[in-house]
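Below, each chain spelled out in residue letters.
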Amino acid sequence: MADKPAPLEAASLLNVDLSLLPPLVNGDGTQVILVQVNPGETFTIRREDGQLQCITGPAQVPMVSPNGSVPPIYVPPGYVSQVIEENGVRRVLVLPQQPDFHPGSHPPMHPHPYMPPFLPPPVLPHHQMYSPGPGDVAAPYVAQHHPQHSYAEQESHPSHGRSNFIHRDERTSKAYERLQKKLKDRQANGSKDKISSPPSSPHKSPTSEENKGIVGASTGLVKNRQDRKTQSTSEISMEMFDEDTDTKAFEAVLSSVGKPVVSDIQARSVVLTWSPPSAASNDDADSDVVPEPCSYEVAISSSGKDGKFKVVYIGKDMNVKLQDLKPATEYQARVQAASNLIRGTPSESESFTTLCSEPDTPVPPRIINRTKHSLSLQWKATCDNGSKVSNYNLEWDEGKGKNEFSQCYFGPQKQFKVVKLSPATGYRFKLAAINELGMSDFSEEVLFYTTGSVPPTPTSPQLVKAGVTWLSLYWNKPLGTLSDEGISYILEMEDETSGYGFKPKYDGEDLACTIKNLRRKSTYKFRVIAYNSEGKSNPGEVMEFTTYPDKPGSPSKPSVKGKIHAHNFKIIWDPPKDNGGSAVTKYVVEMSVGVNANTWDVVYSGATREHVCDHLNPGCVYQLRLYCISEGGQSPVSETLLVQTPAVPPGPCQPPRLVGKARTREIQLRWGQPPITGGSQVIGYRLEMSASDLTEPKDVYQGPDTECTVSSLLPGKMYSFRLRAVNKAGCGPYSEKCEICTAAGCPDQCKAPHVVCKTATCVHVSWTTPADNGADVTEYKLEWGVVEGILQICYCGPGLNFEVKGLLPATTYFCRVQALNVAGAGPFSDVVLCMTPPSVPAAISFLQIVNEDKLDTPLDSPSTCLAIQWEEPRNNGSEISSYSIDFGDKQPITVDRSTNCIIQNLQPDTTYRVRVQAVNSIGPGPFSHTIKAKTKPLPPEPPRLECVAFSYQTLKLKWGEGTAKVLASDAIQYVLQMEDKNGSFQRYFFLMELQQLRMHCVKVAPFFCVPLIHAMVFNYM
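Residues numbered from 1 in each chain as written. Predicted model: local features only at pLDDT ≥ 70, side-chain atom pairs only at ≥ 80, totals over all residues. Heavy atoms only, no water.

### Structural notes on the sheet that holds strand 60 (residues 893-895)
Inference 1: The strand order across the open sheet formed by four strands is 60-59-62-63, and the pairing between neighbours is antiparallel. Because the sheet does not close on itself, it has two edges, and the strands there are strand 60 and strand 63 (931-934). For this sheet the average axis-to-axis angle between neighbouring strands, irrespective of direction, equals 35°.
Inference 2: Pairing of strand 59 (residues 880-886) with strand 60 involves three bridges; the strand directions are antiparallel. In the sheet register, serine 884 faces strand 60, and the bridge partner there is threonine 894. (Pairing = 2+ DSSP bridges. Helix = DSSP H or I, 4+ residues; strand = E, 2+ residues; numbered from the N terminus. Axes fitted to C-alpha atoms, helices over the stretch in contact; angles between N-to-C directions.)

Put into structure tokens, the structure is as follows:
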């Protein structure tokens, strides 16, 4: 096979993204497909004129698909294409063909020892183009970049190519990522090994036989094949040879980076620019290599071209500004390009010299001699940065101690003597250097003291705080010394037990010191000596200070002395073995109740070593511990003593209590555990009962339960009970008596109640007390109703009578009574019938004015008549005989049993108050509610009718104001009637007329007679 697939780690042979873009859909239904051509690939298409066009990657080629399908991609022999879809994007992969590949199986990958991530593409051959079918997009052809060298003894389809990616499942992607990581690790660690170790057999130069194989492979005449192992070794050797060749070519491209150009030279900075690497300068076959975006390393050297270079910049920019350079210094600068772990040769170095500047900051001056009145200073020359230092500026604070400096010396010398100073005084100095370009920064400030006299005797030390093994002391400066005078102090201590006298414990300038590692409760003597450069002062006054005593040790474990009683016992203990250096002043005993209790109470505090613990509970466990207190503090607690008091019989129980209600022949009792159990669990109870007629009490219950039911009792009898508890120590005392009476029976049936009607609406009911059956009757219930089976309680109380009010006259009622006591309710009495007497009728509830249009017979005169109507009220046992109508100041009128009436002879346009009452044989009932009614005004007089004009078909009529007075605010309607041929008048014209004397024209039928016209005028209400 003449064409060999690219190595595994090279870029994808073809990665075509076929994404259907909705915005690029044309109106005729065609779709635009973008074909992405990766770097190192050539995409060949046939144009409409039949010419072939080659497109070299990286590029995106838009293609038109008339039916939206993926166009067929023709590949060279030995390759296959695979269409996959990822995240909505269809991708075509062109991969080497694997003869023994089976779906679902993934052959192992064979990583190379060193594989660069980028390989420069060689010259591309073009292959035959295939014609597209009708209706499809012109099928493109992808020419692959293959190395120009191949080995003769290899299969046409290598087994370790990129066939793993025909099916890009998740497992294959992860395996590819792991392989890439391993290759990068080898690239990072393999460069050094590759140089130091001898080359492996695949990297050896090809022999003459191999050269023949190469020529044969280039012409496609491969005749011999070895076994599988020889084939794999040959393929790996060929790929590694290609990799070295491509890597060297890429390194040559990176080595073509431009020489840095220097600009904007300053004293401490410079700007460097350079051009990127270009493949156009190489004359070899790899002139088409276009390097990927690479990074640059800028290195400088201040010791010439052959000196050591230091990397000062790494990045992708092609210009950089270098900072922090030395002034007046010659530098060499060079640039080196790198991409994907491949580095090119550094460029030629460019020389530049920084400008001169002011001197560097000088070192602070040092003192070479001092007296009481002078200080001699000296300093070293500083770096002049290309311009000679001409002068030095020395400033001082004149001993004022403030941050205010003035010039002390200015000149070219490097030493100076300051005179006329005060003894034992501190002075601050700072120094700056000056050249032609300016003055440097001042140095750090330094403080120097002049000499003085021996300091005076210091004051005695004072105690700040004392501890068990330490003492903290302080002292003041000697009187008459300056605050800034350099005086040091020696603190001496004498331990009388050692016999060595005063020994120094501190030497320094501080005015305080803490002496440690002392003995507890011991006295020490201290004195202070001051000194300076002139000598030591006399020792100060001697002071004595004593350390505190330590805490004492814990006392011994307490023990019981004598017998343990139920409520008390006595304990004793021994003093601590170590009292901490001071006598014990007090012992404190703590007690806790229970085995696991965490609460401790103080029960004793004193100097004696024994204590009686009293007021204890029988059968309880107590824990006791103690600690002691001395001048040194409180000791740790001792070991804990566990003591248990003996148990006693339980205490008295609470009286038993009744559960629920007492029944007639049995009582249920319940009780609780006694408050005092005697230190032992209660194992049983005894319940004793006595009655008024019994001389001796008897036990009615013995057992562990806390309740029982006492039966066979008499109803309504009083019984007394008492209880006592039992534990392993014996029986406790009886409780107080509890007297309980058995329940009584319900009352007997009451006799029939006695009913007396006091009025037509009030009835008096009384009854007698029945037998109570052992319990007094507490209340009575009286039920009342109009239906015998449906009665309601109208009274509940202790009384023996009750008045039922608000009844209806002439109505039959039923009633019965019931007695109740604490036992319950007795049976109801017999039902008693009662009927109330008749009464006057009830008040009329409905009364209204009847309009004229609702009357069967019209009113004679609506202006003097009113029609009223009402509903018949309840007669209350006596039939209604008549009604009385009251309508004002006039005498009421009486009507028969009719429920309507027309009141006549009224005044026109007048308001009346009308009310009605019913009357029966008992008498008149109450009046109804009052209603207001108003009569209508009188109608107007008929107008005068005249004929003012006529013809054979028309009459012109005129009418005017009548004699009747009509209010100006009333509206008047006119009705014109005409007599027909039958002699009856019909309404011919209806008119609302507000203006009088208006002329009207009436059209009549053509009869040979004169019609009779009648006009009627009425008032519009």
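### Some remarks on the pairing of strand 30 (residues 523-532)
Inference 1: Looking at chain direction, strand 27 (residues 488-494) and strand 30 are connected through seven bridges and run antiparallel. Following the sheet pairing, tyrosine 489 is matched in strand 30 by alanine 530.
Inference 2: Both strand 30 and strand 32 (residues 543-546) contribute to a ladder of four bridges, which runs antiparallel. In the sheet register, lysine 525 faces strand 32, and the bridge partner there is glutamate 544.
Inference 3: Bridge count for strand 30 against strand 31 (residues 535-536) is two bridges, and the pairing is antiparallel. What sits directly across from asparagine 532, in strand 31, is glycine 535.
Inference 4: Linkage of strand 30 to strand 31, two consecutive antiparallel strands, is achieved through a turn of two residues.

### Looking at the confidence of the model for the chain
Inference 1: This prediction gives the chain a mean pLDDT of 76; 71% of its residues lie at or above 70.
Inference 2: Across residues 1-27, confidence stays below pLDDT 50; counting only partners more than four residues off in sequence or on other chains, it has 102 contacts.
Inference 3: Taken together, the stretch residues 281-290 has pLDDT below 50 and engages in 13 contacts with residues farther than four places along the chain or on a different chain. (pLDDT = per-residue confidence, 0-100. Contact = heavy atoms within 4.5 Å.)

### With respect to the sheet that holds strand 49 (residues 754-757)
Inference 1: If you walk across this open sheet you meet the three strands as 49-50-53, and the pairing is antiparallel. A single partner strand is all that each edge strand has here, and the edge strands are strand 49 and strand 53 (801-804). Neighbour-to-neighbour, the strand axes of the sheet open up by a mean angle of 20°, direction not taken into account.
Inference 2: As judged from the four bridges shared by strand 50 (residues 763-766) and strand 53, these two strands associate in the antiparallel manner. When the sheet's bridge partners are listed, serine 766 is paired in strand 53 with asparagine 801.

### Describing the packing of aromatic side chains
Inference 1: A full pass over the atoms with the stated rule returns 21 aromatic pairs.
Inference 2: Positioned over the ring face of phenylalanine 502 is arginine 527, at 4.2 Å from the centre of the ring.
Inference 3: Across the ring face of tryptophan 600, the terminal group of arginine 625 is positioned such that the distance to the ring centre comes to 4.0 Å. (Phe/Tyr/Trp six-rings, centres within 6.5 Å; stacked < 30°, edge-to-face > 60°. Lys NZ or Arg CZ within 6 Å of the ring centre and 35° of its normal.)

### Quick look at the environment of glycine 486
Inference 1: Within the secondary structure, glycine 486 sits in the loop between strand 26 (471-474) and strand 27.
Inference 2: By relative accessible area, glycine 486 is classed as partly exposed at 38%.
Inference 3: Residues glycine 486 and glutamate 509, 23 residues apart in the sequence, show an inter-C-alpha distance of 7.9 Å.
Inference 4: The residues touching glycine 486, leaving out its near neighbours within four places in the chain, are Tyr449 and Asn532. (Buried < 20%, exposed > 50% of the residue type's maximum accessible area, 1.4 Å probe, protein only.)

### Description of the pattern of salt bridges
Inference 1: Throughout the structure, instances matching the rule amount to 21 salt bridges.
Inference 2: Note that arginine 722 and glutamate 688 form a salt bridge whose closest N and O atoms lie 2.4 Å from each other. Here arginine 722, found in strand 46 (residues 718-727), pairs with glutamate 688, found in strand 43 (residues 684-691); they are 34 residues apart in sequence, far enough to count as distant.
Inference 3: A salt bridge links arginine 816 to glutamate 783, with the shortest nitrogen-to-oxygen separation between them at 2.9 Å. One end of the pair, arginine 816, is in strand 54 (residues 812-821); the other, glutamate 783, is in strand 51 (residues 779-787), with 33 residues separating them in the sequence.
Inference 4: With a relative accessible area of 10%, glutamate 783 lands in the buried category.
Inference 5: Because the salt bridges share partners, they merge into one network encompassing Glu496, Lys525 and Glu544. (Salt bridge = Lys/Arg side-chain N within 4 Å of Asp/Glu carboxyl O.)

### Comments concerning a nonpolar patch on the surface
Inference 1: A contiguous nonpolar patch, built from Val786, Val787 and Ile790 and spanning about 280 Å² of accessible area, is present on the exposed surface.
Inference 2: Within the secondary structure, isoleucine 790 is located in strand 52 (residues 790-797). (Patch = residues over 30% accessible without salt bridge, like charges linked within 9 Å, V, L, I, M, F, W, Y side chains within 5 Å. Areas by Shrake-Rupley, 256 points an atom, 1.4 Å probe, with all protein chains shown as cover.)

### Some thoughts on unusual backbone geometry
Apart from glycine, the bulk of residues carry a negative phi angle, and the bulk of peptide bonds sit in the trans form.
Inference 1: Unlike most non-glycine residues, asparagine 385 shows phi in positive territory, near 55°.
Inference 2: As for its position among the elements, asparagine 385 is in the loop between strand 18 (375-378) and strand 19 (391-396).
Inference 3: Relative accessible area serves as the criterion here: at 3%, asparagine 385 is assigned to the buried category.
Inference 4: Phi is positive for serine 712, close to 60°, though the residue is something other than glycine.
Inference 5: One can find serine 712 in the loop between strand 45 (707-710) and strand 46.

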